[in-house]
Amino acid sequence: MTQDQETQQVIAANFSAGATPVAGEDPGMSRILRRETHSSRAGASVIAAILVIVLCGYALLEAGVRAIGQPPWLIDPTTAAERIIALPNGISPLLLGASGAVVAMAGLFFLLHAVLPGRRARHLLRDPRTAVVVDDEVLASALARRARTAANVTQEQVMVVVSRQLVVVNVRPTSGSRVSEEAVLTAVQAELEQMSPVPMPAVRVNLATSGVIGA
Amino acid sequence: MNGTPRALNRILLFIIGVKLLAVGLLLVLLATVPAVASWWHGWSASAWAGAENAFRQTHLPGREESWLWIVAGIVLVAIIIAMIAWLSQQGKGRANLLVASDDDSAVDGEVRIGGGVAEQALRAALSERTDLAGASVATLEVKGQPGLRIRIQPRQGVAPHVLAAEVSQLVEALDLVIGQKTPVLVHMVSGARARFTKAERVR
């Protein structure tokens, strides 16, 4: 499924539900939202481009030096080619294998950046006028605040992890006082329904078996 | 929201990734499998012999160097220029004007409103808020149309939907001032500043 189809499905599901649109009033915003929720791969592209520029620059230097008949800077292209042909000889197999593994890893890094969908940890919010994109950490801190008040514990005892389809609320209760899992779950779910992020994640609450002393 | 060429990025990253992966795997196989080494000797030696033959036939008149080196240099320069062009495409798409249109009056001329009007008005309105650790507004061009990107950094625990509704009211007020509806993207980010400053306790 391509990114386009995916976003269109989300937006279609939205209209059928009769809720306020995700992308404000502007239908052209769906493209912007798709671009905001997926990585542009600008970082990997910059690294790759600089790598190619450095390699080509060095090759250019040696080729230029050779073309005007000057002595080579580091290695003469002919000598380099002969060494490459002789390859498993002339270098320790361990070093050759290790450098090969490093190059293959770099290749895999770029390849995975190109092939994977590159979804960012972000959710959309419904708003009648503007298109709203929220980092998952912002959602998590708002939900953590709600869970903290519901469980009546301090900030450090609650940890919320938001992923695309799931919100996990970890609560470490204060030793000696009971925390109701039901109350935390309903509070977080109510807050999440008010936010109504797209896609809507499910909620899971984990109560730690050991309590915190003196909190 | 910027004009980074995403399809191009993916295609070029795929090509570069596949090549690096192939070279790396070849090196690993050369180091470990003897059969690959013997194949490599035969193949690369014949390829290099062909290249040397080509070099011998393409002497510069009056000199012993081949003009193929110059051709190689030109190709490399072309690749470097293409890479620099690719780099310069990353993150482009800033716009200067928010509105550029002819009004209906009898007077000739065009009405232009710079992006700075909206940027400064929104930034001033957002900087007064205590529940934000930071805000920035940029005008960007989306498919030839100007659009606004509002990037805000809420403090810990601020409810995003409430904040979105309030920012949306600000944008509606701006619509009235400018007299035109611009596409607006509100992006709530989390950063080190939001994480380490005090949480918003009282609202």
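## Focus: the confidence of the model for chain A
Residue and element names in this part refer to chain A.
Then step 1. On average, chain A scores 84 in pLDDT, and the residues at 70 or more come to 88%.
Then step 2. Across chain A, the element-wise mean pLDDT spans from 50 in helix α1 (residues 3-17) up to 93 in helix α5 (residues 93-115).
Then step 3. The low-confidence segment residues 12-18 (pLDDT under 50) makes 4 contacts with residues lying over four places distant or belonging to another chain.

## Some remarks on the packing of helix α3 (residues 42-67) of chain A against helix α1 (residues 6-32) of chain B
Then step 1. Between α3(A) and α1(B), the least distance of the axes is 10 Å, while the angle of their chain directions is 50°. Relative to α1(B), the element α3(A) is oriented oblique. Along this stretch, α3(A) crosses α1(B), giving a crossing that reads as left-handed. Contact residues: α3(A) offers A44(A), S45(A), A48(A) and V52(A), while α1(B) offers N9(B), L12(B), L13(B) and I16(B).
Then step 2. Residue classes in the contact of α3(A) with α1(B) are distributed as 6 nonpolar, 2 polar and no charged.

## Some words on the sheet that holds strand β2 (residues 131-135) of chain A
Then step 1. Within the open sheet, the 6 strands sit side by side as β5(A)-β1(A)-β2(A)-β5(B)-β4(B)-β3(B). Their pairing is mixed. Of all strands in the sheet, those with a lone pairing partner are β5 (197-198) of chain A together with β3 (132-142) of chain B, marking the two edges.
Then step 2. As judged from the 5 bridges shared by strand β4 (residues 145-154) of chain B and strand β5 (residues 184-188) of chain B, these two strands associate in the parallel manner. If you follow L148(B) over to β5(B), its bridge partner there is V184(B).

## A few points about the sheet that holds strand β6 (residues 202-207) of chain A
Residues and elements named next belong to chain A.
Then step 1. On the basis of which strands lie adjacent, the open sheet formed by 3 strands has the order β3-β4-β6 and mixed pairing. The sheet terminates laterally at β3 (158-162) and β6, the two strands that pair on one side only. Going across the sheet, the axis of each strand differs from the next one's by a mean of 15°, ignoring polarity.
Then step 2. For β3 and strand β4 (residues 166-171), the ladder comprises 5 bridges, and the chain directions are antiparallel. Looking at the pairing, M159 lines up with N170 of β4.
Then step 3. With respect to the sheet, helix α6 (residues 136-151) is in contact with β3 and β4, its orientation differing from that of β3 by roughly 145°.
Then step 4. Strand contacts of helix α7 (residues 181-195): β4 and β6, with the helix running at about 150° to β6, the strand carrying the most contacts.

## Points about the nonpolar core
Then step 1. Of all hydrophobic cores here, the largest spans 54 residues; its most connected members are L143(A), A147(A), V169(A) and V184(A).
Then step 2. Top contributing element to this core by residue count: α6(A), with 9 residues.
Then step 3. Residues within four places of L143(A) in sequence aside, it is in contact with V160(A), V167(A), V169(A), V188(A), E191(A) and L192(A).
Then step 4. Core analysis: the second largest hydrophobic core is formed by 17 residues, A104(A), F110(A), L13(B) and L30(B) among them.

## Focus: the interface of chain A and chain B
Then step 1. Counting from both sides, the interface comprises 66 residues of chain A and, opposite them, 65 residues of chain B.
Then step 2. For the side of chain A that touches chain B, the elements supplying multiple residues, two or more each, are α2 (29-37), α3, α4 (77-85), α5, β2, α6 and α7 of chain A.
Then step 3. The residue makeup of the side of chain A that touches chain B, split by class, is 40 nonpolar, 16 polar and 10 charged.
Then step 4. Bridging between β2(A) and β5(B) involves 4 bridges; their strand directions are parallel. What sits directly across from V132(A), in β5(B), is V186(B).

Each value, and the rule that gives it
Residues numbered from 1 in each chain as written. Chains lettered and ligands numbered in written order. Predicted model: local features only at pLDDT ≥ 70, side-chain atom pairs only at ≥ 80, totals over all residues. pLDDT = per-residue confidence, 0-100. Helix = DSSP H or I, 4+ residues; strand = E, 2+ residues; numbered from the N terminus. Contact = placed C-beta atoms within 7 Å. Axes fitted to C-alpha atoms, helices over the stretch in contact; angles between N-to-C directions. Parallel < 35°, antiparallel > 145°, perpendicular 65-115°, else oblique. Left-handed = near helix turned anticlockwise from the far one by under 90°. Nonpolar A, V, L, I, M, F, W, Y, C, P; charged D, E, K, R; others polar. Pairing = 2+ DSSP bridges. Core = buried A, V, L, I, M, F, W, Y, C linked by C-beta atoms within 7 Å. Buried ≥ 20, exposed ≤ 12 C-beta atoms within 10 Å, placed from the backbone.

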